[in-house]
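Residues per chain are reported as follows:
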Amino acid sequence: MKKFLLLFLSGLFSLSVVADLNGNGYYRVQNALTKRYAYLFDDKGKIDTTATTADVQALQLFSGYLRASSDPSTIFYISNAGGSNYDIAGQGTSVHGFLDEYLHIISGKKYDGVQSYYIYASKSVGSKYLGDIDANLSEEHGLASADASGDKRLWYFHTLDAASDDSYFGIAPTLTAGGKYYHPLYAGFPFSAYSEGVKFYYISNVDSRHKVAVMKEIVGTVPAGKAVIAECSNPLATDNRLNVGSSGSVANLDDNKLSGVYFDNDTYRAHYNRTPYDKETMRILKVVDGKLTFTVGDVDFLPRNQAYLQLTDRDQYPVADYTLVSEEEYNDIVAAVEAIPASALVDVYSLDGRLVKSGIAKTDVNSLGKGLYIIKAAGLSEKLILH
């Protein structure tokens, strides 16, 4: 049953508070023996009624800090509920909020000179300890198990610290445009920029008439569960670090048109958790003709922890590509179009001055190919229009 799976997972996370003695906060979890980091890949699992077996494979384990450093599924919020009781939140899930259960921990031995801990959940039928099932250190990928033995049940806990080279969270950009690096980010924790050159944007408006999406810079902390576009000046995650957690004012993103999903798991049948991609209503962030663009994707399922554009108006569906523009650029586009009378005939030029179309109706401008144009009409100054 899901209740028992999440109970075990939350037990794992609760240890981090005790290990670091830093109170409530954000942590990563690492197996002391195998050194693999914990990733929450879905929210499914079960345990039999006698508590003799359990499926906890929603929690997968991977070696290598570089991989963990930029993956939102490795970040968990730990909060103490009194005594040895703890609650956790991660990937949009709050364990005690719907399980009405807390977890218990006990100290293990010092492993490699560092204090380690056991995680367990107890019922009247017995206790189960969480561990890494595979002790083969040469394997990159491991799985959480309620049947691990010995030192495979020992765990370390690392407090998130943007200033620390072995405990930060950073963005690993996936797109390049205009000499900068970008990534569509969706995380279950609040964050703000720590590294210089890191900025965040959201989409405040989608205009199907002009085929643009308006990108607005975020001021303040990005709330948990809000999809954004991250801008970076460097391609390395270590140079794009975030402050994880709320600090200062929290941005109001109620008009955000972006969305995201936490899970995309098809590794095991019992843990299948994927969201089908809808080409009509969803657009994926890519670079088209050198510009950031939300376009029709070539994926079957939405990638986890990434932002996508969710179209809500049927008039928006026929447009395949929405070019991202700033609020200032958008205002210029609208003003330029409205300044030309509907009955006017216009000449269209490329940015290098080449005549593209001559004497066409204003309404036919929308039939032009995607790009930037200079529009000239008799008696009016030239206008720059992005189409």
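In this text, all values refer to a predicted model and were calculated from it rather than measured experimentally.

Draft legend 1. Expanded view of the sheet that holds strand β16 (residues 180–185). Pairing in this open sheet of ten strands is mixed, and the strands run β15-β16-β20-β18-β19-β26-β24-β23-β25-β22 from one edge to the other. Each edge of the sheet is formed by a strand with only one pairing partner; in this case those strands are β15 (175–177) and β22 (258–259). Across four bridges, the pairing between strand β19 (residues 212–217) and strand β26 (residues 321–326) is parallel. By the bridge assignment for β26, Val-212 is matched with Thr-323.

Draft legend 2. Main features of the environment of Gln-91. Note on placement: Gln-91 falls in the loop between β7 (86–90) and β8 (93–94). The exposure class assigned to Gln-91 is buried, which follows from its relative accessible area of 3%. Sequence separation between Gln-91 and Ala-187 is 96 residues; the distance between their C-alpha atoms is 7.0 Å. Apart from residues no more than four positions distant in its own chain, Gln-91 is found in contact with Leu-40, Pro-72, Ser-73, Tyr-262, Phe-263 and Asn-305. One polar contact links the side chain of Gln-91 to the main-chain carbonyl oxygen of Tyr-262, over a distance of 3.1 Å. Of the polar contacts made by the side chain of Gln-91, one reaches the side chain of Asn-305; its length is 3.1 Å.

Draft legend 3. Representation of the packing of aromatic side chains in the model. The full count for this structure, using the stated rule, is 15 aromatic pairs. Both rings, one in Phe-41 and one in Phe-62, keep their centres 5.8 Å apart while their planes meet at 40°; by these two values the pair is tilted. With a gap of 21 residues between them, Phe-41 in the loop between β2 (37–40) and β3 (46–47) and Phe-62 in strand β5 (residues 59–62) connect regions that are remote in the sequence. For Phe-41, a relative accessible area of 11% translates into the label buried. Taking the relative accessible area as the measure of exposure, Phe-62 reaches 7% and is therefore buried.

Rules of the game
- Each chain has its residues counted from 1, running along the sequence as written.
- For a predicted model such as this one, the threshold for reporting local features is a pLDDT of at least 70, and the threshold for listing and counting side-chain atom pairs is 80 or more; totals across whole chains, interfaces and linings nevertheless cover every residue.
- Here the side-chain values reflect all heavy atoms present in the structure, with hydrogen atoms and water set aside.
- Two strands are counted as paired when DSSP detects at least two bridges linking them.
- Helical segments are the DSSP runs of H or I of at least four residues, strand segments are the runs of E of at least two, and each set is numbered from the N terminus.
- Using a 1.4 Å probe on the protein chains alone, a residue whose accessible area is under 20% of its type maximum counts as buried, one over 50% counts as exposed, and one in between counts as partly exposed.
- A contact between two residues is defined here by any heavy atoms of the two lying within 4.5 Å.
- Polar contacts, as counted here, are pairs of nitrogen or oxygen atoms within 3.5 Å of one another; within protein the pair requires one atom able to donate a hydrogen and one able to accept it, and residues that are adjacent in sequence qualify only if both atoms are side-chain atoms.
- Pairing of aromatic side chains here covers Phe, Tyr and the six-membered ring of Trp, requires ring centres within 6.5 Å, and sorts the geometry by plane angle: under 30 degrees stacked, over 60 edge-to-face, intermediate tilted.

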